[in-house]
Amino acid sequence: MDSSQFVLAAWFVISLLLVLSSVRTKNQGSPPPAVRGGWPLIGNLFQLREKKPAKTFVKWAEKYGPIFTVKMGAPTFVVINSSDLAKEAMITRFSSISSRKLPNAIQIMSGHKFMVSMSDFGEEYKKLKRHLLTSVVAAAPQKRFRPYREEVVENLVKKFHAEVAANPGEKIMVREFMKYELMGLALKQVIGKDLRSIYVKELGTEIPKIDVYRKLLEDPLSLSLEPDWRDFFPYLRWVPNKKFEMKIQRWMDQREAIIKALIGNRLEDPTRLSQEPNNYLDSYLKKQRSFRRSN
């Protein structure tokens, strides 16, 4: 999946997450304009035949503006094509849209809204977001992680020079180098160290870092775009969709096994308890221990 597909896929996922009743324009209470040409019962589905319909959304944005509604079967969705509106919906007014209905694939893969960006607004959301900010995103941890980022830049420059020297005049696949290095950066911030590979007991194999990246990041993005017709016709939700469910479950089992292996690898580190928490996992576990002692 190339970078353009990533962008299109991201816009599509965001579009699906914003429900009509959740977003309103800043200056008026009336709903955004609706895309015309829909059919009874199925709405605008026939106008979105491609698997990644973000290009169609962009064309509609030119006609209907930066925010408009699309009827996709029974539900009506709001599509936004503006960074300001996205910020308003996902940050400023998150408390009013957090209870939105998610597509079935995202609902399952997010642990039924346990991920910070997917969870309902409330105490659990506040706790998860606060911990994410204080251990990873805020100024203090970002300052602490600066050497990691500088190492990423140094490694990328070295690899680019080596690639040019080995294959003069050839194109450099920057994206593949970036994936590898950014996955290493993420591992350092989350579990405190980079790994070339990880042995996953449940899968019975050693998984290279680049495959961990694909399993934890690329695969869920692709799966989130998998159509489940029950999302569009919820009154038929009782009808099984075994192929879809098995595909999602297979990925979830693999994800759980990989994450369990990553956490286990960190917990087995003999130096962990003698150090101040310098990553998300250690910080989270320390807070959990403090909470248990206080109760």
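Cut-offs applied
Throughout this document, residue positions are counted from 1 along each chain, in the order its sequence is written. Given that the model is predicted, a residue must reach a pLDDT of at least 70 before its local features are reported, and side-chain atom pairs must reach 80 or more before they are shown or counted; all residues, however, enter totals for whole chains, interfaces and linings. Computation of side-chain values: all heavy atoms of the structure, hydrogens and water removed. Secondary structure elements are defined from DSSP: runs of H or I of at least 4 residues count as helices, runs of E of at least 2 residues count as strands, and each element is numbered from the N terminus. Think of it in three bands: residues with accessible area under 20% of the maximum for their type are buried, residues over 50% are exposed, and the middle band is partly exposed, with areas taken using a 1.4 Å probe on protein chains only. We call two residues in contact when some of their heavy atoms are within 4.5 Å. Salt bridge criterion: a side-chain nitrogen from Lys or Arg within 4 Å of a carboxyl oxygen from Asp or Glu. Strands are treated as partners if at least two bridges between them are detected by DSSP. Working definition: a ring pair exists when centres of Phe, Tyr or Trp rings (six-membered ring for Trp) sit within 6.5 Å. Plane angles under 30 degrees give stacked, over 60 give edge-to-face, the rest tilted. Charge-over-ring placement is defined geometrically: NZ (Lys) or CZ (Arg) within 6 Å of the ring centre, and within 35 degrees of the ring normal. Nine residue types can take part in a nonpolar core, namely buried Ala, Val, Leu, Ile, Met, Phe, Trp, Tyr and Cys, and a core is a set of them joined through side-chain atoms within 4.5 Å. Note on scores: pLDDT gives the predictor's confidence for each residue, bounded by 0 and 100.

Here's the deal with the side chain of K188
Here is step 1: By the element assignment, K188 lies in helix α9 (residues 174–191).
Here is step 2: Given a relative accessible area of 13%, K188 falls into the buried group.
Here is step 3: Not counting residues up to four positions away in its chain, the partners in contact with K188 are Y148, E151, K193, D194, N278 and N279.

Remarks on the pattern of salt bridges
Here is step 1: Applying the stated criterion to the full structure yields eleven salt bridges.
Here is step 2: A salt bridge links D269 to R266; its shortest N-O distance comes to 3.1 Å.
Here is step 3: On the accessibility criterion, R266 (2% relative accessible area) is buried.
Here is step 4: Notably, a salt bridge pairs D282 with R266, separated by 2.6 Å at the nearest N-O pair. Of the two residues, D282 is situated in helix α13 (residues 280–294) and R266 in helix α12 (residues 242–267); the sequence distance between them amounts to 16 residues.

Looking at the pairing of strand β4 (residues 205–208)
Here is step 1: In terms of strand pairing, strand β3 (residues 197–200) meets β4 through four bridges, oriented antiparallel. Bridge pairing in β4 places Y199 opposite E206.

Observations regarding the packing of aromatic side chains
Here is step 1: Tallied over the entire structure, the rule returns six aromatic pairs.
Here is step 2: With 6.3 Å between their ring centres and 90° between their planes, W60 and F68 make a pair best called edge-to-face. F68 carries the same exposure label as W60, and that label is buried.
Here is step 3: Taken together, the aromatic side chains of F57, W60, Y64 and F68 make up a single cluster linked through ring pairs.
Here is step 4: Directly above the aromatic system of F145 lies the positively charged group of R144, at a separation of 5.1 Å from the ring centroid.
Here is step 5: Of note, K209 hangs over the ring of Y180, and the distance from its end group to the ring centre comes to 3.8 Å.

Comments concerning unusual backbone geometry
Here is step 1: You will see that L41, though not glycine, has its phi angle at about 70°, which is positive.
Here is step 2: Checked against the element boundaries, L41 lands in the loop between α1 (3–17) and α2 (54–64).
Here is step 3: On the basis of relative accessible area, L41 is assigned to the exposed category, the value being 68%.

Section: the nonpolar core
Here is step 1: By size, the foremost hydrophobic cluster in this structure holds 15 residues, and its most contacted members are W60, F68, V70 and M72.
Here is step 2: Broken down by secondary-structure element, the contributors of at least two residues to this core are α2, β1 (67–71) and β2 (76–80).
Here is step 3: Leave out the neighbours within four places in its chain, and W60 touches V35, Q47, L48, G65, F68 and V70.

Examining the confidence of the model for the chain
Here is step 1: Summing up the model confidence of the chain, the mean pLDDT is 78 and the portion of residues at 70 or higher is 78%.
Here is step 2: Looking over the chain, one finds the lowest element-wise mean pLDDT in α1, namely 44, and the highest in β3, namely 94.
Here is step 3: The low-confidence segment residues 1–28 (pLDDT under 50) makes 71 contacts with residues lying over four places distant or belonging to another chain.

A look at the environment of F177
Here is step 1: Examined against the element boundaries, F177 turns out to sit in helix α9.
Here is step 2: On a C-alpha basis, the gap between F177 and N155 in space is 9.2 Å, while along the polypeptide they are 22 residues apart.
Here is step 3: Among residues more than four places away in sequence, those in contact with F177 are L156, K159, F160, E163 and I172.

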